[in-house]
Amino acid sequence: MTRDARRPNIVLVLTDDQGPGDLGCTGNPVVETPNLDAFHGQAVRFTNFHVGPTCAPTRSGLMTGHYANSTGVWHTVGGRSLLRGNEVSIADVFSENGYATGLFGKWHLGDNYPYRPQDRGFQESITHGGGGISQMPDYWQNDYFDDTYSVNGEFREFEGYCTDVWFREGMAFMERHVDEPFLCLITTNAPHGPFNVDPSYSDRYRDRACTPDRERFYGMITNIDENFGLLMRKLEDLGIADDTILIFMTDNGSGGGVACDSEQFIANGHNAGLRGVKGSEYDGGHRVPFFIRWANGDLVSPRDVDTLTSFVDFMPTMMDVCGIDVDHYDQQVNFHGRSLKPLLTEEEPVWAGRAIATDSQRLPNPVKWRKSAVMTQDWRLVNGSELYDATTDREQRNDVADQHPDVVEKLRAEYEEWWALVSRQFDEPIPISIGADREPETCLRSHDWRHPEDPKPTDPRVAEDNGYLAFHQGQIRQGDGGNGYLEIMVETSGTYHVELRRWPKEEDRAITEGIEESDDGWRSDILGDYRFFYSGGKAMPFTEATLKIGDQEWTKPVAPSDKGIAFEVELAQGVTTLVSTFSGPGELTRGAYYVYVRKLPD
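Attention in this report is confined to the structure presented alongside it.

Parameters at a glance
- Every chain's residues receive numbers from 1 upward, in the order its sequence appears when written.
- Thresholds applied to this predicted model are a pLDDT of at least 70 for local features of residues and 80 or more for the giving and counting of side-chain atom pairs; totals over whole chains, interfaces and linings are not thresholded and use all residues.
- Derived side-chain values reflect all non-hydrogen atoms in the structure, with water molecules and hydrogen atoms excluded from consideration.
- Starting at the N terminus, helices and strands are each numbered in turn, a helix being any DSSP run of H or I of at least four residues and a strand any DSSP run of E of at least two.
- Each radius of gyration is computed over the set of C-alpha atoms, and the globule rule expresses the reference value as 2.2 Å times the number of residues to the power 0.38.
- Surface accessibility follows the Shrake-Rupley procedure with a 1.4 Å probe radius. Residue values consider only the protein chains on display as shielding.
- Here the expected length of a helix is defined as 1.5 Å per residue gap, with one fewer gap than residues.
- Note on contacts: a residue pair is in contact if any heavy atoms of the two residues lie within 4.5 Å.
- Joining through side-chain atoms within 4.5 Å is the link that ties buried Ala, Val, Leu, Ile, Met, Phe, Trp, Tyr and Cys residues into a set, and such a set is a nonpolar core.
- Relative accessible area decides the class of each residue, using a 1.4 Å probe on protein chains only: under 20% of the type maximum gives buried, over 50% gives exposed, and in between gives partly exposed.
- Ring pairs shown here join Phe, Tyr and Trp side chains whose ring centres sit within 6.5 Å, with only the six-membered ring taken for Trp; geometry is labelled stacked below 30 degrees between planes, edge-to-face above 60, and tilted in between.
- Either the NZ atom of lysine or the CZ atom of arginine qualifies as a charge over a ring when it sits within 6 Å of the ring centre and within 35 degrees of the ring normal.

### Section: the overall build of the chain
Now for step 1: Summing up its helical and strand segments, the chain has 14 helices and 27 strands in all.
Now for step 2: Relative to the globule expectation of 25 Å for 602 residues, the C-alpha radius of gyration of the chain, 24 Å, shows essentially globular dimensions.
Now for step 3: With the C-alpha coordinates of the chain rotated into their principal frame, the extents come out at 70 × 55 × 55 Å.
Now for step 4: Total accessible area computed for the chain in this model is approximately 22300 Å², and 44% of it derives from carbon and sulfur atoms.

Structure representation (structure tokens):
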């Protein structure tokens, strides 16, 4: 196929926790983003584009064309950041249609089979674990610099800063596949905290960004911008810039660029005139930049498009503009979004109005109306009761629900339809497989614990409570968290070796042993106040280990020198639950943060 006749490439750059006001081109007078500002001037800019208010839900919608809650991803931890096995991903579809597919950076939709990127259509992937570098599923002691990442499931050491690695490896993928169409996702974990960055980026914001954390946050964004400039030059050098759909977007509201008051209005920082930040039901939590450029795609000239659009539109749009039969797949998967091609290619598109919805659950089980927003072109219904005129009240300051009860009633009815759509599988398990050929040894982690009681708060405004699980490495070091259960799928009946550990295998340390804190080589200018993520560890005087799988239970003593407590157990094929417990003097109990499982030969 000649280059002129071939289908376009797609490159999506998705950053993490960079809000609508964390760019120079959206009005921030402090942060320096010259390359993205230039790209903004070359792109069609969707200025009313909405995602999930947190990272994993947004990713699930982008990957599937389905609202996050319906995919099983309504949280960022607790076993509900795993993309249901029955979902068809954008990488599945593009692979089936002759595209090379690659993902470089943050995945956050599952770290075990069958939820990893290599299980979901990505032919090449290089990723960190969990929702961020230094989180609990990530390789032990990764700190953004010279880290160890998963390459299609195998750990490998990399040199350099994480964002530099993601772009470098993504561009190498493009170069390898320059003569065929490709789908390449560069999904940075930056500028998500911890805000680790070289001082050469953060020092330029000293005394200009309110706090040291924000100085580093902005430094991370400037590093992203620098890499984005390298990416644009790489596409030019390869001769494929005009044949490539290049997209920049962020995954939710700001995670470090602004501070809010008690009502989620901006106290300081820059938020593009919006109320709320990451996790918020107000527009500042889920209205994000979405810039798209395709020189050979007959797009309209660079401009702002204020039409209400959504992350669930991304997959059908990319399929449509690349000539993949959307209707064929829609019969199979029933997209919740629609193609944005008319808005991209027509000067006066015919576009039917619609309502879209989003929410921020971050609970073991979803709660109706919790931190929700129902949106139309003209209105925002927040939490089922507050109404804002989107045409005149960008900051959502004036609740006009009392003046427009008919609008409230209509939008509440739209929410009811949406809730019925997304809640159909809420009670279905999302189990992690053990004994699968594609993952001979499975590491089950506290990051994915389900709550042992699965509380269902009656107040949708109730604050999230993840105290039962430890999801980042600092919590492992301090012995934090309680316990929970894991949903597992025993792939085949047989004998399994199950080993309970407090520390991961790469730490190779006794269960009860602590780690002496050291100041040697500590770089506070790079790692800030996040010492507890990387240094020290509390001794835990456990004396007993218990494993419970389904109705079966086993107990063994813990000796001071034991690094792991191993059980050989007979398991039948099927879905069940696993609970691991270390106990000690008094009421001391914790779950085993790491449980390694492999099937023994018959």
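### Some words on helix 11 (residues 405-422)
Now for step 1: Taking 1.5 Å as the rise per residue, helix 11 with 18 residues should run 26 Å; its terminal C-alpha atoms sit 26 Å apart, in good agreement.
Now for step 2: Looking at the buried positions of helix 11, the neighbouring elements they touch are strand 14 (356-359), strand 15 (372-375), strand 16 (379-382) and strand 17 (386-389).

### A look at the nonpolar core
Now for step 1: Core analysis: the largest hydrophobic core is formed by 71 residues, its most contacted members being Phe46, Phe94 and Met318.
Now for step 2: Per-element accounting of this core gives the leading share, seven residues, to helix 11.
Now for step 3: Contact partners of phenylalanine 94, with chain neighbours within four places excluded, come to Ile10, Tyr99, Thr101, Leu183, Met318, Met319, Cys322 and Ile324.
Now for step 4: Listed in part, the 51 residues of the second largest apolar core include Phe173, Phe182, Ala209 and Ile224.

### Quick word on the packing of aromatic side chains
When we look at a pair of aromatic rings, we describe it by the centre distance and by the angle of the planes.
Now for step 1: Overall, the coordinates contain 28 aromatic pairs when judged by the stated rule.
Now for step 2: Aromatic side chains tyrosine 415 and tryptophan 419 sit 6.0 Å apart centroid to centroid with 20 degrees between the ring planes, which places their arrangement in the stacked category. In this pair, tyrosine 415 and tryptophan 419 both sit in helix 11, four residues apart, roughly one turn of the helix. Like tryptophan 419, tyrosine 415 is buried.
Now for step 3: Taken together through their ring pairs, the aromatic side chains of Tyr67, Trp74, Trp369, Tyr415, Trp418, Trp419 and Phe426 make up a single cluster.
Now for step 4: Here arginine 275 stacks its cationic end above the ring of tyrosine 282, 3.8 Å away from the centre of that ring.
Now for step 5: The ring of tryptophan 369 is capped by arginine 412, whose NZ or CZ atom sits 4.3 Å from the centre of that ring.

### Description of the side chain of threonine 64
Now for step 1: Looking at the element boundaries, threonine 64 is found in helix 2 (residues 55-64).
Now for step 2: With relative accessibility at 0%, the residue threonine 64 sits in the buried group.
Now for step 3: Excluding its chain neighbours within four sequence positions, the residues that come into contact with threonine 64 are Thr71, Leu83, Glu87, Val88, Met315 and Phe335.

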